[in-house]
Amino acid sequence: MIRRDFLKATSLLTMGALAGCTPKTKPEGADARETNNVHKTLGLQIYTLGPELYAGDLAANLKRIKEMGIDNLELAGYNPANSKIGGVDMMEFKQKAEDAGLTIVSSHVNPPQLFAGVAGKEKRSSDGMFSASMKDAILESWKKIADDHVKLGVEYVVEPMMPILSSEEAVKSFCDILNASGEVVKAAGLRFGYHNHNMEFARVVPGGKEATFGTLFTKREGTQILDLFLANTDPEKVLFEMDVYWTVMGQNDPVEYLQKAADRIHMLHIKDRMVLGQSGMMNFENIFNQFYANGMKYFWIEIEDTHSGKQFDRVKASVDYLLKASFVK
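*Asks:* How should the pattern of salt bridges be read in this particular structure?
*Replies:* Pairing between side chains of opposite charge can happen when the charged atoms of each approach one another. Per the counting criterion, the structure on display carries 13 salt bridges. Ionic pairing is found between Asp-320 and Lys-316, a salt bridge with its closest N-O pair at 2.9 Å. On the criterion of helical spacing, the pair formed by Asp-320 and Lys-316 is a turn pair, its members being 4 residues apart in helix α12 (residues 311–324). Through salt bridges with shared partners, a single network forms among Asp-243, Lys-271, Glu-302 and Glu-304.

Right, here's the structure in full:
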């Protein structure tokens with residue numbers, strides 16, 4: 001709800017992400033694979049394809065992804081209750097992906113108990129704090145999640161969403177959950193991360209009742225939630241996956257965050273309003289240059305509107321854009 005309302009209201013975008021952008025459908029230059037004999041390793045967040053991924057023959061659809069120029073996958077749709085991905089047994093999914101020549105590197109997972117403050121057996125307190133019993137339930141869930149993802153052979157497991165957090169105290173309580181979750185995942189030999197939307201750029205105050213957005217022209221009180229996440233999570237247990245589009249929608253600069261949190265942001269969601277490079281609003285060159293300067297490598301193409309019926313076409317157009325972009329390795 002916050003995302004939808006905020007998108008309607010947003011008109012201000014930070015300069016670092018936009019400087020030098022001119023709208024164009026494709027970057028100049030020939031396909032790097034043809035001219036430089038360089039193989040670019042691209043990744044796809046499978047959420048992008050929505051139901052199209054599972055329509056018809058899954059194995060054939062995974063091969064289609066590979067043929068587009070994708071090498072790595074980030075999963076979505078894993079269900080800890082039955083160990084299925086999009087309704088497919090996880091090991092069957094893994095085998096089909098490997099048969100297609102794809103590597104599953106990362107996975108987005110929400111432990112069901114995390115949102116029990118909205119509905120569920122365990123409840124958060126009225127001030128948004130997590131009870132000890134709720135924390136225990138979440139960590140038990142992460143143990144199952146970690147065990148399954150060890151079998152899948154992934155490197156990263158990522159929490160893709162936060163619950164409603166209305167005060168600085170509630171944010172810090174959630175950070176305790178993130179740290180404990182990261183410890184469980186790390187014990188299994190995996191790495192744990194958190195992925196942002198625009199909501200993490202709302203501000204909270206001590207004892208607050210509601211997180212609030214501001215603009216450059218309005219009074220902005222409190223601290224951005226993402227800044228509290230960075231300050232109150234253990235770098236040895238919690239890394240970050242920055243969604244560059246939602247960062248801009250949160251009125252912040254992806255490049256600035258890549259500079260000030262260079263050792264914390266390990267992966268990116270590369271996203272535009274739709275097909276990459278078509279809107280002219282995202283300065284992907286600056287973003288990629290800083291990301292590579294930080295020594296990082298994994299990024300994931302993601303496109304919203306997953307029930308369009310055109311997602312495979314949009315992925316192909318986005319892949320072509322990245323393959324022809326001189327700033328993408």
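Structure shown, so let's carry the discussion forward.
*Asks:* Sorry, what's going on with the nonpolar core here?
*Replies:* The nonpolar side chains of a soluble globular protein tend to be buried, and buried together. Residues Leu-62, Ile-65, Phe-93, Phe-174, Phe-229, Leu-268 and Phe-284 are the most contacted members of the largest nonpolar core, which totals 92 residues. For this core, the element with the highest residue contribution is helix α7 (residues 168–187), accounting for 9 residues. Look past the residues within four positions of Phe-174 in its chain and what remains in contact with it is Leu-114, Phe-130, Met-161, Met-162, Pro-163, Leu-165, Tyr-194 and Phe-229. Counting residues in each nonpolar core, the second largest holds 7 residues, with Tyr-156, Val-158, Met-267 and Trp-300 among its members.

*Asks:* So what exactly am I meant to see when it comes to unusual backbone geometry here?
*Replies:* Residues other than glycine predominantly adopt negative phi, and peptide bonds predominantly adopt the trans conformation. The phi torsion at Ser-83 lies on the positive side, around 60 degrees, for a residue other than glycine. Examined against the element boundaries, Ser-83 turns out to sit in the loop between β3 (78–79) and β4 (84–85). With relative accessibility at 13%, the residue Ser-83 sits in the buried group. Phi at Asp-305 takes a positive value of approximately 60 degrees, unusual for a residue other than glycine. You can see Asp-305 is positioned in the loop between β13 (298–301) and α12.

*Asks:* Teacher, can you tell me more about the side chain of Ser-106 here?
*Replies:* Here Ser-106 shows up in strand β6 (residues 103–108). Classification of Ser-106 by relative accessible area gives buried; the value is 0%. Reaching out from Ser-106, the side chain makes a polar contact with the side chain of Glu-74 at a distance of 2.8 Å. Aside from chain neighbours lying at most four places away, what touches Ser-106 is Leu-73, Glu-74, Leu-75, Val-154, Tyr-156, Val-158, Met-267 and Trp-300.

About the criteria used
- Residues numbered from 1 in each chain as written.
- Predicted model: local features only at pLDDT ≥ 70, side-chain atom pairs only at ≥ 80, totals over all residues.
- Heavy atoms only, no water.
- Salt bridge = Lys/Arg side-chain N within 4 Å of Asp/Glu carboxyl O.
- Helix = DSSP H or I, 4+ residues; strand = E, 2+ residues; numbered from the N terminus.
- Core = buried A, V, L, I, M, F, W, Y, C linked by side-chain atoms within 4.5 Å.
- Buried < 20%, exposed > 50% of the residue type's maximum accessible area, 1.4 Å probe, protein only.
- Contact = heavy atoms within 4.5 Å.
- Polar contact = N/O pair within 3.5 Å; in protein donor to acceptor, adjacent residues only side chain to side chain.

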